Amino acid sequence: MTDPGMSRTLDRVRKLLAKAEGTDNEHERETFMAAATALMAKYGIERAAPSSARSTPANRVVTLGDPWAREKARLVYLVSEAVRCRPVLIGKGDGGQRVHVFGFASDLERADLLATSLLLQMASGVARVAVPPDRVRAYRRSWMLGFTDEVYRLLVAAESRAAASGAPGTELVLADRKADVERAVAQVYPRIRRSVPRMSGTGYRDGVAAGRRADLARTAVHPDAGFALNG
């Protein structure tokens, strides 16, 4: 059961994001998003604090459907990794590209929330860009690559800041949790190699700019987001 204090933190995140979505002022929007992102990272560290009850890793399979199934899977992979989960790309099946995500419950919860939102934002953002008709697909693929890379960078930075400001012993707990997650992965996938597909194209820089402006914890879920959790 989620601690009431933790629930209040998530409620604050949702309120900040509602303000970000309700303003046309870009400076205000970025301020609200930065605050929401910092709170989300703080939530993860608080759930991993040395005083917290010991738990064991869990796992979920995320299925991403077409269009752009591989690009969606890449985003889910990197968002999950940024919030201290361990994703494994397991390829096509069940109607789409699949990512098997391992982690502690609070981190899986954060990965779910963030990836659902960012999949929607990536889809709406890439649909809005004006692209010459002779290179639409290549541009959009590289745009999504840039968007995902920048979101990953921002999330990792927020997680690092939160960890640095955590209670004494937090770093050791995080290291122990990482080892626990890696052992859970090894039980299911004893022979895997870490890799993330790389793409190139002229839309990369524009995608980076869009990722920098992304709302990193929006809670709205659209039925076409392509983010289905099983297990």
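Note on numbering: residues in each chain are counted from 1, in written sequence order. Since the coordinates come from a predicted model, pLDDT governs what is reported: local features require at least 70, and pairs of side-chain atoms require 80 or more to be given and counted, while whole-chain, interface and lining totals use all residues. Processing note: side-chain calculations cover all non-hydrogen atoms of the structure and skip hydrogens and water entirely.

Asker: Describe the overall build of the protein chain, naming the residues involved and giving the relevant values.
Answerer: Only DSSP runs of H or I covering at least 4 residues are called helices, and only runs of E covering at least 2 are called strands; the numbering of each starts at the N terminus. On a plain count of helices and strands, the protein chain comes out with 7 helices and 4 strands. Reading the helices (α) and strands (β) of the protein chain from amino to carboxyl end gives α-α-β-α-β-β-α-α-α-α-β. Partly exposed describes any residue whose relative accessible area lies between the buried limit of under 20% and the exposed limit of over 50%, with all areas from a 1.4 Å probe on protein chains only and scaled to the type maximum. Counting across all 231 residues of the protein chain, residues that qualify as buried make up 47%. Whether two residues are in contact is decided by their heavy atoms: any pair within 4.5 Å suffices. Of all intrachain contacts in the protein chain linking residues separated by at least 6 positions in sequence, the fraction that spans at least 24 positions is 80%. Total accessible area on the protein chain stands at roughly 12000 Å², and carbon and sulfur atoms take up 52% of it. Note that accessible areas follow from Shrake-Rupley with a 1.4 Å probe, and for residues the cover is restricted to the protein chains shown.

Asker: Can you explain helix H3 (residues 69-82)? Please cite residues and give values.
Answerer: An α-helix turns once every 3.6 residues. As a result, residues three or four positions apart point the same way. Here the expected length of a helix is defined as 1.5 Å per residue gap, with one fewer gap than residues. Compared with the 20 Å implied by 1.5 Å per residue over 14 residues, the 20 Å span of H3 between its first and last C-alpha is a close match. Taken across its 14 residues, H3 has 12 buried, putting it largely inside the fold. Three or more residues of H3 are buried, namely Ala 69, Glu 71, Lys 72, Ala 73, Arg 74, Leu 75, Val 76, Tyr 77, Leu 78, Val 79, Ser 80 and Ala 82. Turning to H3, the residues buried within the fold contact strand S1 (58-64), strand S2 (86-93), strand S3 (96-103), helix H4 (105-128) and helix H5 (136-164). One or two steps after H3, the chain reaches Arg 84, where phi turns positive at roughly 75°.

Asker: Break down the confidence of the model for the protein chain for me, citing the residues and quoting the values.
Answerer: For the protein chain, mean pLDDT is 78; residues scoring 70 or higher make up 74% of the total. On a scale of 0 to 100, pLDDT captures the predictor's confidence in every residue. In this model residues 217-231 is a low-confidence stretch, pLDDT under 50, and it forms 48 contacts with partners more than four residues away in sequence or in other chains.

Asker: For the nonpolar core, give the residues involved together with the corresponding values.
Answerer: Throughout, nonpolar core names a set of buried Ala, Val, Leu, Ile, Met, Phe, Trp, Tyr and Cys residues whose side chains join them through atoms within 4.5 Å. Among the nonpolar cores identified, the biggest contains 36 residues, and Val 79 and Trp 143 are the most heavily contacted of them. In terms of residue count, H4 provides more of this core than any other element does, 9 residues in total. In contact with Val 79, not counting residues within four places along its chain, are Ala 111, Leu 114, Ala 115, Leu 118, Val 151 and Leu 155.

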